[in-house]
Amino acid sequence: MQDFDVVIIGSGPGGYVSAIRAAQLGFKTAIIEKYSVMGGTCLNVGCIPSKALLDSSEHYYNAVHSFEAHGINIGKPKVDLAKMIERKAGVVSNLTAGISYLMKKNKITTFNGLGSFESSKTVKVTKEDGSSEVISGKNIIVATGSKPTILPFIPVDKKRIITSTEALKLQEIPKHLIVIGAGVIGAELGSVYARLGSKVSFVEFADSMIPTMDKTMGKELQKAVAKLGADFYLSHKVSSAENNGKEVVVKATNSKGEEIEIKGDYCLVCIGRRPYTDGLNLASAGLATDERGRLEVDEHTLQTKVPGIYAIGDVVRGAMLAHKAEEEGVFVAEVIAGQKPHINYNLIPGVVYTWPEVAAVGKTEQELKNAGVAYKEGSFPFKALGRAVASMDTDGLVKVLADANTDEILGVHIIGARAADMIAEAVVAMEYRASAEDVARMSHAHPTYTEAMKEACLAATAKRAIHS
Ligand SMILES: Cc1cc2nc3c(=O)[nH]c(=O)nc-3n(C[C@H](O)[C@H](O)[C@H](O)COP(=O)(O)OP(=O)(O)OC[C@H]3O[C@@H](n4cnc5c(N)ncnc54)[C@H](O)[C@@H]3O)c2cc1C
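Residues numbered from 1 in each chain as written. Predicted model: local features only at pLDDT ≥ 70, side-chain atom pairs only at ≥ 80, totals over all residues. Heavy atoms only, no water.

This next bit is on the overall build of the protein chain. Counting its secondary structure elements, the protein chain contains 13 helices and 22 strands. On C-alpha atoms alone, the protein chain measures out to a radius of gyration of 24 Å, which is about the 23 Å that the 2.2 N^0.38 rule sets for 468 residues. Its C-alpha atoms put the protein chain at 65 × 60 × 50 Å along the principal axes. When the 468 residues of the protein chain are sorted by exposure, 52% land in the buried category. (Helix = DSSP H or I, 4+ residues; strand = E, 2+ residues; numbered from the N terminus. Rg over C-alpha atoms; globule rule 2.2 N^0.38 Å. Buried < 20%, exposed > 50% of the residue type's maximum accessible area, 1.4 Å probe, protein only.)

Moving on to the pattern of salt bridges. Throughout the structure, instances matching the rule amount to 20 salt bridges. Put simply, D278 and R274 hold a salt bridge, and the shortest N to O gap is 3.7 Å. Residue classification places D278 among the partly exposed residues on the basis of a relative accessible area of 40%. Residue classification places R274 among the partly exposed residues on the basis of a relative accessible area of 33%. As a salt-bridge pair, K324 and E328 come within 3.1 Å of each other at their nearest N and O atoms. Here K324 pairs with E328, and both are found in helix α8 (residues 322-336), just 4 residues apart, close to one helical turn. On the basis of relative accessibility, which here comes to 1%, the residue K324 falls in the buried class. (Salt bridge = Lys/Arg side-chain N within 4 Å of Asp/Glu carboxyl O.)

Okay, the packing of aromatic side chains next. Tallied over the entire structure, the rule returns 3 aromatic pairs. Each ring, one from F4 and one from F111, has its centre 5.9 Å from the other, and the planes form 85 degrees; the classification is edge-to-face. Placement of the pair is F4 in strand β1 (residues 2-9) and F111 in strand β3 (residues 109-112), with a sequence separation of 107 residues. Under the relative-accessibility criterion, F4 is labelled buried at 2%. Centre to centre, the rings of F202 and F232 are 5.4 Å apart; their planes meet at 10 degrees, and the pair counts as stacked. Taken as a pair, F202 in strand β10 (residues 199-203) and F232 in strand β11 (residues 231-233) lie far apart in primary sequence, 30 residues in all. F232 shares its class with F202; the two are buried. A cation sits over an aromatic face here: K147 above Y276, 4.9 Å from the ring centre. Of note, R160 hangs over the ring of Y266, and the distance from its end group to the ring centre comes to 4.4 Å. (Phe/Tyr/Trp six-rings, centres within 6.5 Å; stacked < 30°, edge-to-face > 60°. Lys NZ or Arg CZ within 6 Å of the ring centre and 35° of its normal.)

The next thing to look at is the sheet that holds β10. Pairing is parallel across the open sheet formed by 5 strands, whose spatial order is β8-β15-β9-β10-β11. Of all strands in the sheet, those bounded by a partner on one side alone are β8 (161-162) and β11. Looking at chain direction, β10 and β11 are connected through 3 bridges and run parallel. When the sheet's bridge partners are listed, V203 is paired in β11 with Y233. Strands β9 (176-180), β10 and β15 (266-269) of the sheet are contacted by helix α6 (residues 184-195), whose axis makes an angle of about 165 degrees with β10. (Pairing = 2+ DSSP bridges. Contact = heavy atoms within 4.5 Å. Axes fitted to C-alpha atoms, helices over the stretch in contact; angles between N-to-C directions.)

Moving on, we come to a nonpolar patch on the surface. A cluster of nonpolar side chains, L151, F153 and I271, forms an exposed patch at the surface whose accessible area comes to about 210 Å². Tracing the chain through its elements places F153 in the loop between β7 (146-148) and β8. (Patch = residues over 30% accessible without salt bridge, like charges linked within 9 Å, V, L, I, M, F, W, Y side chains within 5 Å. Areas by Shrake-Rupley, 256 points an atom, 1.4 Å probe, with all protein chains shown as cover.)

This part covers the nonpolar core. Ranked by size, the top nonpolar core spans 52 residues in total, and within it M103 and F117 carry the most contacts. In this view, F117 contacts I9, T122, V123, I140, V142, L280, N281, L282, S284, A285 and I309; residues no more than four positions away in its chain are not counted. In this structure, A194, M217, L268 and L397 belong to the second largest nonpolar core, which totals 39 residues. (Core = buried A, V, L, I, M, F, W, Y, C linked by side-chain atoms within 4.5 Å.)

The next thing to look at is the site of the ligand. The local shell around the ligand holds 39 residues, among which E33, T41, K51, G115 and A322 are the closest. Here G14 contributes a backbone N or O atom positioned 2.9 Å from an oxygen atom of the ligand. Within the complex, the protein chains bury 96% of what would otherwise be the 990 Å² of accessible surface of the ligand. Secondary structure elements with two or more residues in the shell around the ligand: α1 (13-24), β2 (29-33), α2 (40-45), α3 (47-65), β4 (114-117) and α8. If one sorts the elements of the shell around the ligand by residue count, α2 sits on top with 4 residues. (Near = heavy atom within 4 Å. Polar contact = N/O pair within 3.5 Å; in protein donor to acceptor, adjacent residues only side chain to side chain.)

Further remarks concern unusual backbone geometry. Look at the link from W355 to P356: it is a cis peptide, with omega at 0 degrees. Position of P356 among the secondary structure elements: in the loop between β18 (350-352) and β19 (357-362). H446 connects to P447 through a cis peptide bond whose omega is -5 degrees. Mapping P447 onto the fold places it in the loop between α12 (436-440) and α13 (451-462). The phi torsion at K107 lies on the positive side, around 55 degrees, for a residue other than glycine. Position of K107 among the secondary structure elements: in the loop between α4 (81-105) and β3. On the basis of relative accessibility, which here comes to 72%, the residue K107 falls in the exposed class. Of note in the backbone geometry, M392 takes a positive phi value of approximately 65 degrees without being a glycine. Within the fold, M392 resides in the loop between α10 (386-391) and β21 (397-403).

Right, let's talk about the pairing of β9 for a bit. Across the 5 residues that make up β9, a large majority, 5, are buried. Here β9 shows no split at all, with H176, I178 and I180 on one side and L177 and V179 on the other all buried. Relative to β10, β9 is paired through 5 bridges, and the arrangement is parallel. Residue pairing in the sheet places I178 in a bridge with S201 of β10. Where the polypeptide runs from β9 across α6 and back to β10, its parallel neighbour, the crossover connection is right-handed. The pairing of β9 with β15 spans 4 bridges and is classified as parallel. Across the sheet, the residue bridging to I178 is C267, located in β15. (Right-handed = clockwise from strand over helix to strand, strands pointing away.)

Following this line, the structure appears as structure tokens:
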């Protein structure tokens, strides 16, 4: 039996980053992945392929809708969906091959097969051909991620009633795509097909898009996505979805109890993701999941109740985000090495890669209200920003929430061009507990989108934005 200091089950952003950090710290490290490619959800069916399609569809949309205004005439652009999907697949294989390279470079032993506990110190790896071997680890890290949530009354057939995984490789552009769930993944993939010409209908239980984010963001995003021709059934609870062979029929009930029926050719189900522990044989290690299917971990170490077994990423509590999984991957390797690492969970940014993008960090206005925190708010609209006017990307705003007494920035919410990159400034500022005035007094290059952050801080600190 091969013995390791650290055995990691799952090669997503949590697992592979943890493996690299463990190897850097001098541990003899192994990683087990049940699929033949590394990278997990993020690289194969998540962050990367969705962004590849968002970028391609955005180019197409701009070619149709804004090139002419920029003085570029290219005739009528046409979508080649097969080529678009092929490019996306190329991006994915390029990056997953990069992970395999990093494993070799860091002398990490890779096992291809399903990992399942034999005991709290040993894991059996069952390969695709049915053969198996058992390896042992002084420390074992579970990084098995998540899968799409499926409800019994929405029978996903993966042909017409699909999850995000199938939506990333459709062979035709839907005529009418019904998206159940207008959260982050639904908003992104719905945008892809709306830009490519599909009629898109969002059916959402909550009363806004991206309901976990600040309410202003959901409202502004809805306005932007509506410009793509999408329609919205907010505060609607889906009761059934059926593929009758000719079309998909979705039934939902609104808050007054009235039933509606929407017919389309595809239905994308994006109602969330569930932690994934199938096949792990947790009981053999003395482990069980909680009522939501998650592995419980100690806040200070990410260790489960079994000494030497840790869990990270989507399979534990907290935001289901690749960068959160990565931070936890590094954290756990350092804990095993006896270090005292730290993660500031309040400052893990959340991003929606729609157009305009949405990005946020810290508290929402609702959270501050609920917690009874006295706060002040400053906003700055992109339409008053020189850089945004120059590029014709004037939708959106920056909203800064600061403590009413100390002026410390408590939350930053951005909707607009390049929000995903702009949010990094807010993360740095908040990590160093900057006040809105601190940021407002820093020079921001002109003309840039980041000036909107400076102006929103000016507005928050003393209602003295310069350009609005
Ligand atoms: C469409 C979509 C878009 C997304 N976009 C973003 C985004 O833009 N930004 C962002 O931050 N997040 C995004 N996410 C979320 C992100 O993908 C996840 O948060 C992230 O991948 C979680 O990482 P992880 O390492 O915990 O698990 P995963 O990436 O899910 O990896 C787990 C790995 O473990 C393997 N595994 C499971 N069980 C076993 C076993 N028993 N034996 C061996 N291997 C096993 C799986 O095959 C998988 O490879 C997106 C998700 C989706 C679906």
